Amino acid sequence: LARKRYPRLWISRLRDASMLTLLLNTGLRVGELCAFNLGDLQLSERKGSVTVPSGKGQKQRLVPLNAEVRIILQQWMIYRPVVETSALFTGQRNERVTARSVQRAVARLAEAAGLSGVTPHVLRHTFAKSLLDSGVGIEKVAALLGHSDLNTTRIYITPSEGDLEEAVKQLKI
């Protein structure tokens, strides 16, 4: 079955969107994303996960994928260039993406959306804060982020100014 050729720019934009969506919906560190191999990804219609083979402190963890991530990664797997490397995400020279190239991709997509100051690490914080705001316990958030110390996770979920304003609005004296 022959693969249809698509413009390189279109493929790179799909890759960038896949990386950003994965970062935002899993809280992965940029280095963890760069280190992913095809074998670290398990995808099906109803569930999926990524194995982080060696996160910070050389700890391995399994991170489940929501439907949004599964859909875009399934698309990426269809159009991913056929290359010799086992890397999930590759650059223009068919080598593993670098942390810097991921940072540039995130900045480019954020700028296109009219946002400033968005980095892969900001996406990690956003993931953690969103989970907490949805009622997920800090222990689960810590496990998903690969933290062994809850105090490290607390740094990620510090209330914003808006959170504090909302808390004061709830006050009934």
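Shown above is the structure to which this text applies.
This report concerns the structure included in the present document. Keep in mind that what you see is a predicted model, and the values were worked out from it rather than measured. (Residues numbered from 1 in each chain as written. Predicted model: local features only at pLDDT ≥ 70, side-chain atom pairs only at ≥ 80, totals over all residues. Heavy atoms only, no water.)

## A few points about the overall build of the protein chain
Then, in step 1: Looking only at helices and strands, one finds eight helices and three strands in the protein chain.
Then, in step 2: Starting at the N terminus, the α and β elements of the protein chain follow one another as α-α-β-β-β-α-α-α-α-α-α.
Then, in step 3: A principal-axis box enclosing the C-alpha atoms of the protein chain has dimensions of 70 × 35 × 30 Å.
Then, in step 4: Burial statistics for the protein chain: of 173 residues in total, 39% are counted as buried.
Then, in step 5: For the protein chain, long-range pairs separated by at least 24 residues make up 58% of all intrachain contacts whose partners lie at least 6 apart in sequence. (Helix = DSSP H or I, 4+ residues; strand = E, 2+ residues; numbered from the N terminus. Buried < 20%, exposed > 50% of the residue type's maximum accessible area, 1.4 Å probe, protein only. Contact = heavy atoms within 4.5 Å.)

## Observations concerning the sheet that holds strand β3 (residues 61-64)
Then, in step 1: Read across the sheet, three strands follow the order β1-β2-β3 without closing on themselves; strand pairing throughout is antiparallel. Edge positions in the open sheet fall to β1 (41-43) and β3, since each of these has one partner strand only. Going across the sheet, the axis of each strand differs from the next one's by a mean of 15 degrees, ignoring polarity.
Then, in step 2: In terms of strand pairing, β1 meets strand β2 (residues 48-52) through three bridges, oriented antiparallel. Within the sheet, the bridge partner assigned to Gln-42 lies in β2 and is Ser-49.
Then, in step 3: The sheet contacts of helix α3 (residues 67-79) involve β1 and β2, and relative to β1 the element is tilted by about 105 degrees. (Pairing = 2+ DSSP bridges. Axes fitted to C-alpha atoms, helices over the stretch in contact; angles between N-to-C directions.)

Interpretation note: all reported values are geometric properties and have no functional meaning in isolation.
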